[in-house]
Amino acid sequence: MSSISFPSEQPTPSNHEQNFYSSPFEGNASFQMNPLSSHPPRTPRASMVSSSSAIHVFDSQSVYDSHDATAPVETDKEAVDEVEAEEEQASKPVLVRVSKEEVWRDLFLTSNGRDKAFKLIQYSIRLYLLFHTSISGSSLLRQSKRPLWDAELVNRLRSTYSGLSFSRKLLLLFNWLGPLTAIRAQQSVPYSAEVSTEKSKKTSRPFLHTLLYAPPPVLLELINAFADDAATLSLLGLFGKKFGERAGHFSDWCWFISTLVGLVENGVERQMIGNLQHDRTTAKSKPKGAKLDEQELSRLRKQDYWLQISRAKLVMDLIFVSYDIFKIRRFKESVKSFTGLTAAILSSLKLYHGQYNSILKKLS
């Protein structure tokens with residue numbers, strides 16, 4: 001029988017096998033990535049790369065390559081904080097653009113938005129009628145013969161003004177539900193934070209007690225809304241005329257007092273924001289946190305700007321209602337037309353800004 005002989009020496013690998021297994025796995029060989037791979041390499045973070053190591057980057061540029069990959073590591077803590085702030089800012093989503101049509105569409109879905117739109121049209125008509133009456137009653141045009149369409153146009157505009165005023169009063173019906181909800185929400189709050197939930201449910205405050213201890217601005221808004229509804233229902237014929245006039249006069253007093261309270265609150269808030277701006281301005285001179293102080297200053301400036309808008313609107317309301325309460329007759333039509341239109345523009349601007357921010361919050 002023939003025997004099978006085994007070679008005593010292991011055959012040397014071929015050139016093809018040697019080229020396939022040898023060089024890529026040597027210890028001194030650097031790691032290479034296929035440029036045609038569909039998965040690009042991850043760029044190492046700066047904290048994981050030492051300053052002495054070298055990174056091989058391909059010559060062909062890609063959208064995934066980082067321009068700061070070969071930058072030296074910064075050991076300064078302020079620089080690290082700045083990089084972290086930039087990364088956090090870069091991680092935020094891109095701002096969504098909201099068109100004006102979308103804001104007005106959502107604004108007109110609410111009764112408050114329609115009220116502001118009707119108010120703008122109403123006092124624009126009133127201001128036009130004021131100028132038209134003063135110009136047509138001047139000595140130059142008094143003797144000239146007025147066309148028939150002019151008198152008809154004036155009558156139509158006056159009817160439109162009266163109809164818009166009545167429509168706005170109907171839109172503002174049941175406005176007392178807002179302050180009433182705020183008061184009822186305080187009714188379930190326990191007397192002390194240490195009281196357990198079971199005891200707080202058993203010892204709920206009576207509504208009259210909660211009503212008497214409600215914040216004065218909220219209580220004043222509730223009474224004002226009730227008086228406005230009573231005056232509007234009187235115009236609809238549900239109550240008598242005298243009762244409606246008294247309710248309207250009482251509502252004007254509530255409006256006057258709430259406007260004064262709003263001006264006081266506005267002044268206090270502006271004073272607090274002014275103090276914060278002064279503190280941030282003094283802290284801005286220090287190198288640490290200069291970027292954060294700049295952002296805080298810009299935010300405070302925006303708040304102060306909208307507080308100034310609110311103050312101007314409250315001043316216009318105060319002048320307007322003062323003519324009705326104190327029965328001032330001098331320049332009554334001129335002042336009430338101008339202040340009414342100015343207050344309508346400012347309140348519409350505030351409402352538009354609030355609706356714009358609410359849409360942005362929903363989309364983000």
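The rules behind each value
- Residues numbered from 1 in each chain as written.
- Predicted model: local features only at pLDDT ≥ 70, side-chain atom pairs only at ≥ 80, totals over all residues.
- Heavy atoms only, no water.
- Helix = DSSP H or I, 4+ residues; strand = E, 2+ residues; numbered from the N terminus.
- Buried < 20%, exposed > 50% of the residue type's maximum accessible area, 1.4 Å probe, protein only.
- Contact = heavy atoms within 4.5 Å.
- Areas by Shrake-Rupley, 256 points an atom, 1.4 Å probe, with all protein chains shown as cover.
- Polar contact = N/O pair within 3.5 Å; in protein donor to acceptor, adjacent residues only side chain to side chain.
- Core = buried A, V, L, I, M, F, W, Y, C linked by side-chain atoms within 4.5 Å.
- Salt bridge = Lys/Arg side-chain N within 4 Å of Asp/Glu carboxyl O.
- Expected span 1.5 Å × (residues − 1).
- Phe/Tyr/Trp six-rings, centres within 6.5 Å; stacked < 30°, edge-to-face > 60°.
- Lys NZ or Arg CZ within 6 Å of the ring centre and 35° of its normal.

## Brief notes about the overall build of the protein
Move 1: Within the protein one finds twelve helices and zero strands.
Move 2: The linear arrangement of helices and strands in the protein, starting from the amino end, is α-α-α-α-α-α-α-α-α-α-α-α.
Move 3: Per-residue burial over the protein gives 23% buried out of 364 residues.
Move 4: Contacts spanning at least 24 positions in sequence make up 71% of the contacts within the protein whose residues lie at least 6 apart.
Move 5: Element-wise, carbon and sulfur atoms account for 59% of the exposed surface of the protein, whose accessible area totals about 27,700 Å².

## Some points on the side chain of T232
Move 1: Here T232 is to be found in helix α9 (residues 216–235).
Move 2: Among the polar contacts made by the side chain of T232, one reaches the main-chain carbonyl oxygen of D228 at a distance of 2.9 Å.
Move 3: Setting aside chain neighbours within four positions, we find T232 in contact with K169, L170 and L173.

## Here we look at the nonpolar core
Move 1: By size, the foremost hydrophobic cluster in this structure holds ten residues: Y123, I125, L127, L129, V154, L157, Y161, L164, F320 and L341.
Move 2: Taken together, the elements giving at least two residues each to this core come down to α4 (111–136) and α5 (148–171).
Move 3: Contact partners of L164, with chain neighbours within four places excluded, come to F118, I121, Q122 and I125.
Move 4: Listed in part, the five residues of the second largest apolar core include W176, I183, A214 and A225.

## As for the pattern of salt bridges
Move 1: On inspection of all chains with the given rule, the structure shows nine salt bridges.
Move 2: Among the ionic pairs, R105 bridges to D106, the shortest N-O distance being 3.2 Å.
Move 3: Salt-bridge contacts for D317 lead to K313; the nearest nitrogen and oxygen are separated by 2.7 Å. Of this pair, D317 and K313 both sit in helix α11 (residues 290–325), four residues apart, which is roughly one turn of the helix.
Move 4: Several salt bridges share partner residues, and in doing so they unite D115, K116 and R168 into one network.

## What about α5?
Move 1: Here α5 spans 35 Å end to end across 24 residues, near enough to the 34 Å set by a 1.5 Å rise per residue.
Move 2: What α5 keeps buried is the set D150, V154, L157, Y161, L164 and R168.
Move 3: Where α5 is buried, its residues contact α4.

## Some words on the packing of aromatic side chains
Move 1: Counting across every chain of the model gives twelve aromatic pairs.
Move 2: Here the aromatic rings of W104 and Y352 are separated by 5.2 Å at their centres, their planes lie at 45°, and the arrangement is tilted. Here W104, found in helix α3 (residues 100–108), pairs with Y352, found in helix α12 (residues 332–363); they are 248 residues apart in sequence, far enough to count as distant.
Move 3: Here W104 falls in the partly exposed class, since its relative accessible area comes to 34%.
Move 4: Geometrically, the ring pair formed by Y305 and W306 is edge-to-face, given 5.2 Å between the ring centres and 75° between the ring planes.
Move 5: Taking relative accessible area as the criterion, Y305 reaches 43% and is therefore assigned partly exposed.
Move 6: With relative accessibility at 22%, the residue W306 sits in the partly exposed group.
Move 7: Taken together through their ring pairs, the aromatic side chains of Y123, Y161, W255 and F320 make up a single cluster.
Move 8: Residue placement shows K336 over the ring face of F320; its charged tip is 4.6 Å from the ring centre.

## Observations concerning unusual backbone geometry
Move 1: For F174, which is not glycine, the phi torsion reads 65° and is therefore positive.
Move 2: For F174, a relative accessible area of 53% puts it in the exposed group.
Move 3: One non-glycine residue, F331, lies in the positive phi region at around 55°.

## A few points about the side chain of D115
Move 1: Position of D115 among the secondary structure elements: in helix α4.
Move 2: On the accessibility criterion, D115 (3% relative accessible area) is buried.
Move 3: In this structure the side chain of D115 is engaged in a polar contact, spanning 3.4 Å, whose partner is the side chain of K116.
Move 4: The residues contacting D115, other than those within four sequence positions of it, are R168, L171 and L172.

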